[in-house]
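Secondary and tertiary structure notes
This is what each chain is made of:
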Amino acid sequence: MRRTQNIISILLTLTNTSAYLSPYGNNIKTFHNHITNNAYNNKFASSRLRMNSSDSNNHKDSDRAHIELHLEDMMGDDWRLFRAKLVAQEQLEQSESNNVQSNNDAFRFSTGAITSLFPQQETEQFPASNNDGMLHNYDGLGEDSSPKNYCVDPFATPEEIMAVCRKPKVNINKHRWAHSLSHVEPGCVLIANEKLGGVFHQTVVLVIDHHDASGSTGIIINRPYPDKLTKVSQEETSNIDPRLKLAFNKSPVAFGGPIMKEEYTVLHGYGEVDGSKKVAPGIFVGGSQELANEVHRNAFDPSEALFVKGHATWVQSQLSREAAKGVWHVASVSHDFILRYAGAPTEDDDNPNDLWSDILTCMGGNYADVAKEYANRGDMRVTP
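This is a predicted model, so every value here is computed, not measured.

The rules we used
Residues numbered from 1 in each chain as written. Predicted model: local features only at pLDDT ≥ 70, side-chain atom pairs only at ≥ 80, totals over all residues. Heavy atoms only, no water. Helix = DSSP H or I, 4+ residues; strand = E, 2+ residues; numbered from the N terminus. Buried < 20%, exposed > 50% of the residue type's maximum accessible area, 1.4 Å probe, protein only. Contact = heavy atoms within 4.5 Å. Phe/Tyr/Trp six-rings, centres within 6.5 Å; stacked < 30°, edge-to-face > 60°. Salt bridge = Lys/Arg side-chain N within 4 Å of Asp/Glu carboxyl O. Pairing = 2+ DSSP bridges. Axes fitted to C-alpha atoms, helices over the stretch in contact; angles between N-to-C directions. Left-handed = near helix turned anticlockwise from the far one by under 90°. Nonpolar A, V, L, I, M, F, W, Y, C, P; charged D, E, K, R; others polar. Polar contact = N/O pair within 3.5 Å; in protein donor to acceptor, adjacent residues only side chain to side chain. pLDDT = per-residue confidence, 0-100.

So, the overall build of the chain
When helices and strands are counted, the chain shows 13 helices and 11 strands. The proportion of buried residues among the 384 residues of the chain is 40%. Considering only contacts in the chain between residues 6 or more positions apart, those separated by 24 or more positions represent 68%.

And the structure:
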């Protein structure tokens, strides 16, 4: 029983890793669905009875989507956070390695300087021994130190086991983390190069779709309007359902990009409701009609929905070329950074009015130096 529980815990940690498919995988999904169904049936049976049968067949239940989101968070089902921990671990190990190398270089320099001042004495030369068995007198030598001993999953490779089962030396604040990426992927952010001007000056763009063959789409997430949805939609050219304006009259609005500026996209962290798309763990776009229903039921706070006006697009391979040229700093960041203007809480270390510099500062190193040198205007600016 204990063996099974250990295997389940490892598989839950790596739900999104295809390499961990095993006979236990189907049981995990059954276990997940069992919990979800029970929680939903017990808590929301009365509301489900009021639903029209055709609606229940055509639309994903919003309550269940919200429960699934919380279950994923409880089970640590965020592969981006797991990757961030690995990146932080590698950075720490690299830093420790550099410190050891620096100390060794300093030691060799100092000993070399000392020995050059004094003549070296001849030392007795011992003949080479063919018997190296004395090395095995030390504790631990000769034992099986394979990573397999640290994990009971028989289907994992040694590299995968070491990545999961070794005790981490770093702690990641799941609300505040950021690291660079060598590639563009859906759910990552593009941080404008400090020298990029125009409409994208010091912007942070959330990548919604990315395909080198067909192009990319993104939305700017750090250009909030000073007013809420009702006033912005009245003063700016807008194409929005009056029902949504009524339900989300107090929702924040941000300038999302120069393409189709009259259209709105809603960014939120409520769950994968009907009409929405999961961009990354805990990050969703779309589904405004279902969210409006949740607002009317007092199940969703409209201040946690960011209405993004317009978007940005790139033709095939354009975005990858721009990233390779350094136009954008590509990064993976915590969902609280992405949802900064969609009601996400801020912490003492945050700069709540300058997301561009806040993310660069969190990334550290040269990025932090750039943020310190160039950050001065903040997010609240006159939109185009």
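After presenting the structure, the write-up continues.
Brief notes about helix H12 (residues 355-363)
Judged by how many residues are buried, H12 sits mostly within the fold: seven of nine residues are covered. Of the residues making up H12, those classed as buried are Leu355, Trp356, Ser357, Asp358, Ile359, Leu360 and Met363. Structurally, H12 contributes buried residues whose contacts are with strand S1 (178-180), strand S2 (189-192), strand S3 (204-211), strand S11 (328-333), helix H11 (335-338) and helix H13 (365-374). The first or second residue beyond H12 is Gly364, which carries a positive phi of 75°.

Quick word on the packing of aromatic side chains
Taken as a whole, this structure holds five aromatic pairs when the rule is applied. By the ring-pair criterion, three or more aromatic residues cluster together here, those being Phe200, Trp314 and Trp328.

Re the pattern of salt bridges
This model, assessed by the stated rule, comprises nine salt bridges. With a closest N to O distance of 4.0 Å, Asp227 and Lys231 form a salt bridge. Salt bridges linked by common partners bring Arg176, Arg340, Asp350 and Asp358 together as one network.

Observations concerning the pairing of strand S4 (residues 215-220)
Counting buried positions along S4 gives five out of six residues, so the element sits mostly inside the fold. With six bridges joining them, S3 and S4 adopt antiparallel strand pairing. The residue of S4 that forms the bridge with Asp209 is Thr217. Hairpin remark: S3 followed by S4, antiparallel, with three residues in the connecting loop. Bridge count for S4 against strand S10 (residues 306-314) is three bridges, and the pairing is antiparallel. Note on S10: the bridge partner recorded for Ser216 is Trp314.

Let's talk about the packing of H12 against H13
In the contact formed by H12 and H13, the axes pass within 6 Å of each other and the chain directions differ by 145°. For the pair H12 and H13, the sense of crossing is left-handed. Here H12 contributes Trp356, Ser357, Leu360, Thr361 and Met363 to the contact with H13, which in turn contributes Gly365, Tyr367, Ala368, Val370, Ala371 and Tyr374. Broken down by class, the residue content of the contact of H12 with H13 amounts to eight nonpolar, three polar and no charged.

Details of the side chain of His210
Mapping His210 onto the fold places it in strand S3. One polar contact links His210 to Ser216, side chain to side chain, over a distance of 2.7 Å. If near-sequence neighbours (up to four positions away) are discounted, His210 is found in contact with Val184, Pro186, Gly215, Ser216, Leu319 and Ser320.

Here's the deal with the pairing of strand S6 (residues 252-255)
Side chains Pro252 and Ala254 project from S6 onto one buried face, and the interleaved Val253 and Phe255 project onto a second face that is buried too. As paired strands, strand S5 (residues 224-228) and S6 are joined by two bridges and run antiparallel to one another. Each bridged residue has a counterpart across the sheet, and for Pro224 the counterpart in S6 is Ala254. Pairing analysis gives three bridges linking S6 to S10, with the strands arranged parallel. Residue pairing across strands places Val253 opposite Phe307, the latter belonging to S10.

Thoughts on the side chain of Ser288
Turning to its location among the elements, Ser288 is positioned in helix H9 (residues 288-296). A relative accessible area of 18% places Ser288 in the buried class. For Ser288, the residues in contact, after removing those within four places along its chain, are Leu244, Phe248 and Val266.

Focus: unusual backbone geometry
In this structure, Met260 is a non-glycine residue whose phi angle is positive, near 50°. Summarising the element assignment, Met260 is placed in strand S7 (residues 259-268). Since its relative accessible area comes to 45%, Met260 is described here as partly exposed. Even without being glycine, Ser317 reaches a positive phi, approximately 70°. Inspection of the secondary structure puts Ser317 in the loop between S10 and helix H10 (318-325).

Concerning the environment of Tyr225
Within the secondary structure, Tyr225 sits in strand S5. Expressed as a C-alpha distance, the spacing of Tyr225 and Ala254, which sit 29 residues apart in the sequence, is 5.4 Å.

Comments concerning the confidence of the model for the chain
For the chain, mean pLDDT is 76; residues scoring 70 or higher make up 61% of the total. Across residues 1-60, where pLDDT falls below 50, the model places 63 contacts with residues more than four positions away in sequence or in other chains. Within the model, the stretch residues 123-145 combines pLDDT values under 50 with five contacts to residues more than four positions away or in other chains.

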